[in-house]
Amino acid sequence: MVRTGRVLESLVPAVLEQKIVGLDAFAMWRRLVTRFGEVAPGPVPQGMRVIPTNDVWQSIPGWDWHRAGVEQRKARTIAVAASYAARLEAAAREPGNNAEVYRMLQAIPGIGIWTAHEVGQRALGDADAAPIGDYHLPALLGEALGDGRALPEDDVASFLEPWRPHRYRLVRLLELTPGSRRERRAPRMSRLDYRAI
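Residues numbered from 1 in each chain as written. Predicted model: local features only at pLDDT ≥ 70, side-chain atom pairs only at ≥ 80, totals over all residues. Heavy atoms only, no water.

This part covers the overall build of the protein. Secondary structure summary: the protein contains 11 helices and 2 strands in total. Here the protein holds 197 residues, and 42% of them are scored as buried. Across the protein, contacts joining residues at least 24 apart in sequence account for 62% of those joining residues at least 6 apart. Carbon and sulfur atoms provide 55% of the accessible area of the protein, an area that totals close to 11400 Å². Within the protein, one finds 27 positive and 23 negative side-chain charges whose respective centroids are separated by 5 Å. (Helix = DSSP H or I, 4+ residues; strand = E, 2+ residues; numbered from the N terminus. Buried < 20%, exposed > 50% of the residue type's maximum accessible area, 1.4 Å probe, protein only. Contact = heavy atoms within 4.5 Å. Areas by Shrake-Rupley, 256 points an atom, 1.4 Å probe, with all protein chains shown as cover. Lys, Arg positive; Asp, Glu negative; His and termini not counted. Charge placed at Lys NZ, Arg CZ, Asp CG, Glu CD.)

Structural data, given as structure tokens:
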């Protein structure tokens with residue numbers, strides 16, 4: 001498990017990924033970092049940027065969020081989280097303080113357990129940060145470890161309980177295992193471009 005300790009750097013993409021198609025979230029991230037990130041230091045490929053600072057995230061005007069395709073609710077969540085970034089990152093530096101970081105994250109409107117655990121996986125190196133609430137998780141677990149059918153969403157947390165404290169590690173291994181999932185048969189989630197609204 002990786003532990004970057006960089007909470008906001010992990011939080012912004014996780015907020016962008018909430019309840020949308022991953023391709024759209026990646027495009028939003030690219031637009032925001034390209035427009036507001038600084039040029040990367042050193043000899044780097046042309047156009048390479050580093051992510052914006054906490055102050056920059058807080059100062060992005062509403063129309064630029066809209067231009068990047070980010071809905072207002074997510075923009076507000078990111079701006080509020082950026083105002084607490086120093087405290088979040090200080091808490092993340094304390095060994096064994098993951099529960100406090102999760103509590104602080106979930107106190108921010110717009111951040112629930114899924115988003116907090118996405119940050120935990122990336123910034124805290126938490127091998128137990130199961131992505132509870134992830135759209136694909138019930139199918140992944142049911143097909144790979146259950147009876148071949150998607151689990152009921154309400155049963156996912158209890159199904160994962162025997163693998164504590166390695167629930168995320170288990171999910172990640174299943175995601176990386178060829179053949180652990182059947183091929184998709186259902187239509188993809190519809191894509192919504194907030195720039196057109």
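Structure shown, so let's carry the discussion forward.
Here the focus is the confidence of the model for the protein. Here the protein averages 93 in pLDDT, and 94% of its residues register 70 or above. Put simply, helix 9 (residues 137-145) is where the protein has its lowest mean pLDDT, 93, and helix 5 (residues 72-83) is where it has its highest, 98. (pLDDT = per-residue confidence, 0-100.)

Next up on the list: unusual backbone geometry. With an omega of 10°, the peptide bond running from arginine 164 to proline 165 counts as cis. Along the chain, proline 165 falls in the loop between helix 10 (156-160) and helix 11 (167-176). Positive phi outside glycine occurs at lysine 19, with the angle close to 55°.

So, on to the pattern of salt bridges. Taken as a whole and assessed by the stated rule, the structure comprises 13 salt bridges. Note that arginine 164 is salt-bridged to glutamate 161, the shortest N-O span being 2.6 Å. The salt bridge involving glutamate 175 is made with arginine 172; its shortest N-O contact spans 2.9 Å. Linking glutamate 175 with arginine 172, this pair stays in helix 11, spanning 3 residues, or about one helical turn. Judged by relative accessible area, which is 44%, glutamate 175 ranks as partly exposed. (Salt bridge = Lys/Arg side-chain N within 4 Å of Asp/Glu carboxyl O.)

Moving on: helix 11. Listing the buried residues of helix 11 in full gives Arg167, Tyr168, Leu170, Val171 and Leu174. For helix 11, the arc enclosing every buried residue in end-on projection is 160°, short of the 170-degree limit, so these residues lie on one face. What points out from helix 11, more than 90 degrees from its buried face, is the exposed set Leu173 and Leu176. On the buried face of helix 11, the contacting elements are helix 8 (113-124), helix 9 and helix 10. (Arc of directions from axis to C-beta.)

Orientation of helix 9 relative to helix 11, taken along the N-to-C sense of each, is 75°, at an axis distance of 11 Å. On the basis of the axis angle, helix 9 is roughly perpendicular to helix 11. Where helix 9 approaches helix 11, its residues Leu137, Leu140, Leu141, Ala144 and Leu145 are matched on the opposing element by Leu170, Val171, Leu174 and Glu175. By residue class, the composition of the contact of helix 9 with helix 11 is 8 nonpolar, no polar and 1 charged. (Axes fitted to C-alpha atoms, helices over the stretch in contact; angles between N-to-C directions. Parallel < 35°, antiparallel > 145°, perpendicular 65-115°, else oblique. Nonpolar A, V, L, I, M, F, W, Y, C, P; charged D, E, K, R; others polar.)

Before going further, it helps to examine helix 5. Under the 1.5 Å per step criterion, the end-to-end length of helix 5 is 17 Å for 12 residues, consistent within 8% with the ideal 16 Å. Inspection of helix 5 places Lys74, Ala75, Thr77, Ile78, Ala81 and Ala82 among the buried residues, and these make up the whole buried set. Along helix 5, the residues classed as buried sweep out an arc of 160° about the axis, all on the same side. Residues of helix 5 that are buried make contact with helix 1 (7-16), helix 3 (54-59), helix 4 (62-68) and helix 6 (85-93). (Expected span 1.5 Å × (residues − 1).)

Right, let's talk about the environment of leucine 174 for a bit. Within the fold, leucine 174 resides in helix 11. Residue leucine 174 is classed as buried on the basis of its relative accessible area of 10%. Along the chain, leucine 174 and leucine 145 lie 29 residues apart, while their C-alpha atoms are 9.3 Å from each other. Excluding its chain neighbours within four sequence positions, the residues that come into contact with leucine 174 are Leu140, Leu141, Ala144, Leu145 and Ser180.

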